[in-house]
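Structural features, examined
Listed here are the chains, written in short residue letters.
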Amino acid sequence: MTQAKYTIGLDYGSDSVRSLIVDVATGAEIASVVFPYPRWAKGMYCVPHENQFRQHPLDYLEGLEYTIVEALKQAPAGVAENVVGISIDTTGSTPVAVDEKGTPLALTPGFEENPNAMFVLWKDHTAVKEADEINELAKKWEIDFTKYEGGIYSSEWFWSKILHVSRADAGVLRAANSWVEHCDWIPAVLTGTTRPQILKRSRCAAGHKAMWHEAFGGLPTEEFLVALDPILSGLRDRMFKETYTCDVAVGKLTPEWAEKLGLSTDVVVGVGAFDAHLGAVGAQIEPYYLSKVMGTSTCDMLVAPNEEVGDKLIAGICGQVDGSVVPGMLGMEAGQSAFGDIYAWFKKVLMWPAQQIIGQSELVDEATRAKLLDELSDKMILELSKAAEALPIDEKGVLAIDWMNGRRTPDANQNLKGAIAGLNLGTDAPRIFRSLVEATAFGSKAIVDRFIEQGVPIKGVIALGGVAKKSKLVMQIVCDVLNMPIKVARSEQACALGSAMAAAVVAGVYATTHEAQEKMGGGFETEYQPIPENAAKYQAIYEKYSKLGQFIEENLTR
């Protein structure tokens, strides 16, 4: 009888990391453990009102070891000995400055508490000015290095963040030998290949966020970078030329990490990728089916045969890269800078008076105050959703714009702000909440419309992520606004499952990503269908949304 084989998918999200052990023959999810980042949970190194969001590498390393060790403890006997591969997905663009050994500066003496020496999380928007400068220069340059990234560079991306931190912190500038994406660093750590000269860089990260393309000979030229700012002089030579897709091996576990994790040194570690990209793999993405990871933000993935897209450039998206999602196919990315984060923001607004008043109340003891606040926090979104669901679609009601964290696509602009219009003295919290849900759905429609306008068809939608699994209200509204069916992936952790699929290819169990998807895919748990009368009403409201958004962009952008 053939011995079962397993792979581990390691999924680094915004708030936590998850390890998932999967049976490669069946796709059965054997064990899973989540580790919330402790420093991040305390709000350390972040200044939200300045859009600064940094994460300490120790959160990542501690989570790596804890989740794999604990998942193996949960797994049946014999699983650890038969793990053949590990692959990693992370948020992005989430780069960090490293020394000549490839060690993040925050792990070196003198930089331990310096936020500029830590990973700059995807949603950090401190580099808006730098992004504007990149766009201005790119449009004047003989080669537009942004043309394969939708033609607009974002403050959420690699070079904007490098330039901002380099300008803001002379110490980091002097100490930085190179810069590395989170999804590249973890595989390098596990395999002992962290030195920048040998570290294998993800095609997904480099192509979508770092202006890397084969047609350019790699990254933007030294002349372009120096014209952007002379402080970048020489950095390109310490970066990379080659990139690799997620079906390529980085190496095998070092003896040190094999011992820490309780695994064999024969375990193969794959090239990393971004969470949404491998999430699309885990959700069994097909050509021209939009895969929407719906969480704190959204990341929308589309794949198509290279020969069918040809030389067509899709304007205003987050890039089109050969092999970035499924090796051998063109991967296209779009998304919204805030989705679930908008609901969480509204919850915080409503919680503030309760925290201030109940938190100081002398009518109840401290323990009761804490329980009341916890109950209120836990039930807030649930009760808002129930009340909002009972409301009719109001074509003359509250109208919101979903740019609370800027706009990622179409046409990245992190200077933009959100808005809520149409308020009157009869407006209550459920009506505002429903308008925010509708706004996030309209933001999704703007992305779908852009692909279609640019000649890329959308045959259907596949949803995954926390919001897709938990909120029927949100999913039905998005379905009605898009006026197309939405299938929801069955797996609770499609990103980690996609990483486990990639690991199965890297380890040689399957020859292609498509084969791994067929064998290990979990299918779909439900399918939402648009309600025709709702779709018609939302089309009219969407036109108002578009006009209000245009007014804000033209008149209220700082």
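What counts, and at which threshold
Residues numbered from 1 in each chain as written. Predicted model: local features only at pLDDT ≥ 70, side-chain atom pairs only at ≥ 80, totals over all residues. Heavy atoms only, no water. UniProt positions renumbered as here; feature names shortened; annotations may be inferred. Helix = DSSP H or I, 4+ residues; strand = E, 2+ residues; numbered from the N terminus. Axes fitted to C-alpha atoms, helices over the stretch in contact; angles between N-to-C directions. Parallel < 35°, antiparallel > 145°, perpendicular 65-115°, else oblique. Contact = heavy atoms within 4.5 Å. Nonpolar A, V, L, I, M, F, W, Y, C, P; charged D, E, K, R; others polar. Buried < 20%, exposed > 50% of the residue type's maximum accessible area, 1.4 Å probe, protein only. Pairing = 2+ DSSP bridges. Polar contact = N/O pair within 3.5 Å; in protein donor to acceptor, adjacent residues only side chain to side chain.

The subject of this paragraph is the UniProt feature "domain: Carbohydrate kinase FGGY N-terminal" (unreviewed entry) in the protein chain. As recorded in UniProt, the feature "domain: Carbohydrate kinase FGGY N-terminal" (unreviewed entry) lies at residues 6-282. Secondary structure content for residues 6-282 is 33% helix and 19% strand, while the C-alpha to C-alpha distance between its ends is 16 Å.

Remark: helix 13 (residues 366-389) packs on helix 14 (residues 429-453), axes separated minimally by 8 Å, with the N-to-C direction vectors making an angle of 90°. Accordingly, the angle class assigned to the pair helix 13 and helix 14 is roughly perpendicular. Across from Ile381, Leu384, Ser385, Ala387, Ala388 and Glu389 in helix 13, the residues of helix 14 making contact are Ala429, Pro430, Phe433 and Arg434. Looking at the contact of helix 13 with helix 14, its residues break down into seven nonpolar, one polar and two charged.

Owing to its 3.6 residues per turn, the α-helix aligns residues three or four sequence positions apart on the same side. Most of helix 4 (residues 158-168) sits inside the fold, with nine of its eleven residues counted as buried. Every buried residue belonging to helix 4 is among Phe158, Trp159, Ser160, Lys161, Ile162, Leu163, His164, Val165 and Ser166, and all of these are buried.

So, about the UniProt feature "domain: Carbohydrate kinase FGGY C-terminal" (unreviewed entry) in the protein chain. If you check UniProt for "domain: Carbohydrate kinase FGGY C-terminal" (unreviewed entry), the listed places come out as residues 292-505 in our numbering. Each end of residues 292-505 is marked by a C-alpha atom, and these two atoms are 24 Å apart; helix forms 46% of the span and strand 16%.

The sheet built from seven strands is open, its strands ordered 14-15-13-12-18-19-20 with mixed pairing. Looking at the sheet topology across the chains shown, the edges are occupied by strand 14 (320-322) and strand 20 (524-528). For this sheet, the mean inter-axis angle between neighbouring strands, taken without regard to orientation, is 25°. In this structure, strand 12 (residues 289-294) lies alongside strand 13 (residues 298-304), joined through four bridges in antiparallel fashion. Within strand 13, the residue paired with serine 291 across the bridge is methionine 301. Relative to the sheet, helix 10 (residues 275-282) contacts strand 12, strand 13, strand 15 (330-336) and strand 18 (460-464), its axis offset from that of strand 13 by approximately 60°. Where helix 16 (residues 472-482) meets the sheet, its contacts fall on strand 12, strand 18, strand 19 (486-489) and strand 20, and the angle it forms with strand 19 comes to roughly 145°.

What follows concerns the side chain of aspartate 229. Along the chain, aspartate 229 turns up in the loop between helix 8 (222-228) and strand 9 (249-252). When its relative accessible area of 13% is taken as the criterion, aspartate 229 is described as buried. Polar contacts involving the side chain of aspartate 229 include one to the main-chain amide nitrogen of isoleucine 231, which spans 3.0 Å. In this structure, aspartate 229 is in contact with Leu163 and Arg167, ignoring residues within four places of it in sequence.

This part covers unusual backbone geometry. The amide bond that connects glycine 92 to the next residue, serine 93, takes the cis arrangement and shows omega of 10°. Of the consecutive residues threonine 409 and proline 410, the connecting peptide bond is found in the cis state with omega at -5°. When you line up the elements, proline 410 lands in the loop between strand 16 (399-401) and strand 17 (419-421). Of note in the backbone geometry, methionine 211 takes a positive phi value of approximately 60° without being a glycine. Among the structural elements, methionine 211 can be located in the loop between helix 7 (203-209) and helix 8. Judged by relative accessible area, which is 1%, methionine 211 ranks as buried. Of note in the backbone geometry, tyrosine 288 takes a positive phi value of approximately 70° without being a glycine. On the accessibility criterion, tyrosine 288 (10% relative accessible area) is buried.

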